[in-house]
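Coordinate inspection notes
The chain contents come next:
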Amino acid sequence: MIYNILVYPDKKLREVSKNVKKFDDKLHILLNDMYETMIAKEGIGLAAIQIGITKNILLINLADDDGMQKKEDMLEVINPKITHLDGSEIYQEGCLSVPGFYEDVKRAKNITVEYFDRFGNKTVQDLEGLPAIAMQHEMDHLKGHLFIEKLSYLKRKKFEKEWKKKLKSEMDTK
Ligand code: QAP
Ligand code: CO
């Protein structure tokens, strides 16, 4: 099933998600639906809150060196915790919940993250570069935060201006 994506400034996107307790068939159906939704909407990452579900679940599915987004490369991440951060890196981010807007964001370059897979097995991973950025972006969603909150004052103003313009143009086409 393909869900609708909540879009800024939907207040639901500010809610704090809760840990998954049961690694059951219901969770597996949700994970499968999240994957279907992420692919249908042409995303490379998705947090459950973006489809209105306040659970600590996220997917990351980046393209490989050949530009192929392979399902086998997808990370299914449940109840994640960052245990180590270092370095910093700037990357131009986007978000399915802020469609059409992209801006530079500074985050840690290297992280260590602990999480559970769909069967409840614990994993520890060191991530660097884009996978580390994507993980931090998606984990912010679980705390009710969007990447636009990390922009400098001037870039945030630029966002607000562009967003208002976009809403207006959508009014005109309807
Ligand atoms: C988060 O972002 C992310 O504006 C995932 O019109 C961001 O999937 C991971 C998207 C930066 C790594 C680096 C955005 C799709 C998808 C749009 C996404 C749009 C259509 C964004
Ligand atoms: Co996002």
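For the structure itself, consult the block above.
Overview of the structure.

Definitions and cut-offs
- Sequence order as written defines the numbering, with residues in each chain counted from 1.
- The lettering of chains begins at A and the numbering of ligands begins at 1, in the order of writing.
- Local features in this predicted model are restricted to residues of pLDDT 70 or higher, and side-chain atom pairs are both shown and tallied only at a pLDDT of 80 or more, whereas totals for entire chains, interfaces and linings draw on every residue.
- Neither water nor hydrogens contribute to the side-chain values; these are computed over all heavy atoms in the structure.
- Think of it this way: any DSSP run of H or I at least four residues long counts as a helix, any run of E at least two long counts as a strand, and we number them from the N terminus.
- Only the C-alpha atoms count toward the radius of gyration. The rule for a globule is 2.2 Å times the residue count to the power 0.38.
- Per-residue accessibility, obtained with a 1.4 Å probe over protein chains only, is compared with the maximum for each type, and a residue is labelled buried under 20%, exposed over 50%, and partly exposed between these values.
- Two residues form a contact once any of their heavy atoms are found within 4.5 Å.
- Here the Shrake-Rupley method, with its probe set to 1.4 Å, supplies the accessible areas, and only the displayed protein chains count as covering residues.
- We score Asp and Glu as negative and Lys and Arg as positive, and we do not count His or the chain ends.
- Charge positions come from single atoms, namely NZ of Lys, CZ of Arg, CG of Asp or CD of Glu.
- The pairing criterion is simple: DSSP has to find at least two bridges between the two strands.
- Orientation is described by lines fitted to C-alpha atoms, with helices fitted over the stretch in contact, and by angles between N-to-C directions that extend from 0 to 180 degrees.
- Residues are called lining when one of their atoms sits within 4 Å of a cavity or pocket point, these points coming from a 1 Å grid over the protein atoms alone, where a cavity is a set in which a 1.4 Å probe fits but cannot get out and a pocket is an open set with protein on both sides within 12 Å along at least five of seven lines.
- Grid points are joined across faces, edges and corners, and a volume is the space filled by probe spheres set on the points.
- Three classes are used: nonpolar for Ala, Val, Leu, Ile, Met, Phe, Trp, Tyr, Cys and Pro, charged for Asp, Glu, Lys and Arg, and polar for all others, with Gly counted as polar.
- Being near a molecule or strand, for a residue, means having at least one of its heavy atoms within 4 Å of it.
- In protein, a polar contact means a hydrogen-donor-capable atom and an acceptor-capable atom, both N or O and within 3.5 Å, with residues adjacent in sequence counting only if both atoms are side-chain atoms; elsewhere, any N or O pair within 3.5 Å suffices.
- Criterion for pocket placement: a molecule counts as inside a cavity or pocket if more than half of its atoms are within 2 Å of its grid points.

Another aspect to go through is the overall build of the chain. The helix and strand inventory of the chain stands at 3 helices and 7 strands. Here the C-alpha atoms of the chain give a radius of gyration of 16 Å, agreeing with the 16 Å that 2.2 N^0.38 yields for 174 residues. If one aligns the C-alpha atoms of the chain with their principal axes, the spans along those axes are about 50 × 40 × 35 Å. Looking at the 174 residues of the chain, the share that counts as buried comes to 43%. Relative to all contacts within the chain whose residues are 6 or more apart in sequence, the contacts with residues 24 or more apart total 64%. For the chain, the exposed surface amounts to about 10300 Å²; the carbon and sulfur share of it is 52%. Separation of charge centres in the chain, based on 29 positive and 29 negative side chains, amounts to 9 Å.

What follows covers the sheet that holds strand 2 (residues 57-60). Think of a sheet as strands paired side by side through backbone hydrogen bonds, with each pair either parallel or antiparallel. On the basis of which strands lie adjacent, the open sheet formed by 5 strands has the order 1-2-3-6-7 and antiparallel pairing. Among the strands making up the open sheet, the edge pair consists of strand 1 (45-47) and strand 7 (122-128). If you compare each strand with its neighbour and ignore which way they point, the axes differ by 35° on average. The pairing of strand 1 with strand 2 spans 3 bridges and is classified as antiparallel.

Attention now moves to the layout of surface pockets. Looking at the largest pocket, its volume works out to about 460 Å³. Lining of the largest pocket is provided by 24 residues; of these, Ile 44, Glu 93, Gly 94, Cys 95 and Leu 96 occupy positions nearest its centre. At the level of elements, strand 4 (89-93) and helix 2 (130-142) are the ones that each hand at least two residues to the lining of the largest pocket. With 6 residues, the single largest contributor to the lining of the largest pocket is helix 2. Among the residues forming the lining of the largest pocket, the class breakdown is 12 nonpolar, 8 polar and 4 charged.

Before going further, it helps to examine the site of ligand 1. By nearness alone, 17 residues border ligand 1, and Gly 43, Ile 44, Gly 100, Tyr 102 and Glu 138 come closest of all. Measuring from an oxygen atom of ligand 1, one finds a backbone N or O atom of Ile 44 at 2.8 Å. At 2.8 Å from an oxygen atom of ligand 1 is found a main-chain nitrogen or oxygen belonging to Gly 100. Isolated, ligand 1 exposes 500 Å² of accessible area, and the fraction of that covered by the protein chains is 86%. In a pocket analysis with a 2 Å cut-off to the grid points, ligand 1 is assigned to the largest pocket. At the level of elements, strand 4 and helix 2 are the ones that each hand at least two residues to the shell around ligand 1. If one sorts the elements of the shell around ligand 1 by residue count, helix 2 sits on top with 4 residues. Split by residue class, the shell around ligand 1 holds 9 nonpolar, 5 polar and 3 charged.

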